[in-house]
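# Observations on the model geometry
These are the residues of each chain, in order.
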Amino acid sequence: MPLKALTYGTVTPAAGSTVHQEISLQQGIPIEKAREIVKLVKDSKKKVQASIQANFVRVSGRDRDALQEVIQLLRAKDFGIDTQFTNYRTF
């Protein structure tokens, strides 16, 4: 489990000398991070289209090399979230 997939809550005092903290698991991409990703892809001037679909960002393009370049671009930038890449079309 990558640590970037966890969202930490506030630390609250508990009984004795202990504390409690809620930690939630990230599911999907938050909308503000998705907008950052789409903006980065569009600013890269690659011949691909990026769209936000519910909890994920879909990048489609005609050329496989352009899609691989976008993946490398997104891996190079740290968005503060765990990112995964899936290829639905194989040649």
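Below or above, wherever it landed, is the structure these notes cover. No experiment lies behind these values; they were computed from the predicted model shown. (Residues numbered from 1 in each chain as written. Predicted model: local features only at pLDDT ≥ 70, side-chain atom pairs only at ≥ 80, totals over all residues. Heavy atoms only, no water.)

## With respect to unusual backbone geometry
The phi dihedral of Lys-45 falls on the positive side, at around 65°, and the residue is not glycine. Mapped onto the secondary structure, Lys-45 falls in the loop between helix H1 (31-43) and strand S3 (48-53). Residue Ala-54 is not a glycine yet carries a positive backbone phi of 55°. Counting through the fold element by element, Ala-54 comes out in the loop between S3 and strand S4 (56-61). (Helix = DSSP H or I, 4+ residues; strand = E, 2+ residues; numbered from the N terminus.)

## Description of the packing of H1 against helix H2 (residues 64-76)
Orientation of H1 relative to H2, taken along the N-to-C sense of each, is 130°, at an axis distance of 11 Å. It follows from the interaxial angle that H1 and H2 lie oblique. Here H1 and H2 pass one another in a crossing that is right-handed. Note on element contacts: H2 touches H1 through Val-70, Leu-73 and Leu-74, opposite Ile-37, Leu-40 and Val-41. A per-class count over the contact of H1 with H2 returns six nonpolar, no polar and no charged. (Axes fitted to C-alpha atoms, helices over the stretch in contact; angles between N-to-C directions. Parallel < 35°, antiparallel > 145°, perpendicular 65-115°, else oblique. Left-handed = near helix turned anticlockwise from the far one by under 90°. Contact = heavy atoms within 4.5 Å. Nonpolar A, V, L, I, M, F, W, Y, C, P; charged D, E, K, R; others polar.)

## Examining the environment of Val-70
Mapping Val-70 onto the fold places it in helix H2. The sequence separation of Val-70 and Val-48 amounts to 22 residues, and the corresponding C-alpha distance is 8.5 Å. Apart from residues no more than four positions distant in its own chain, Val-70 is found in contact with Val-41, Lys-46, Val-48 and Val-59.

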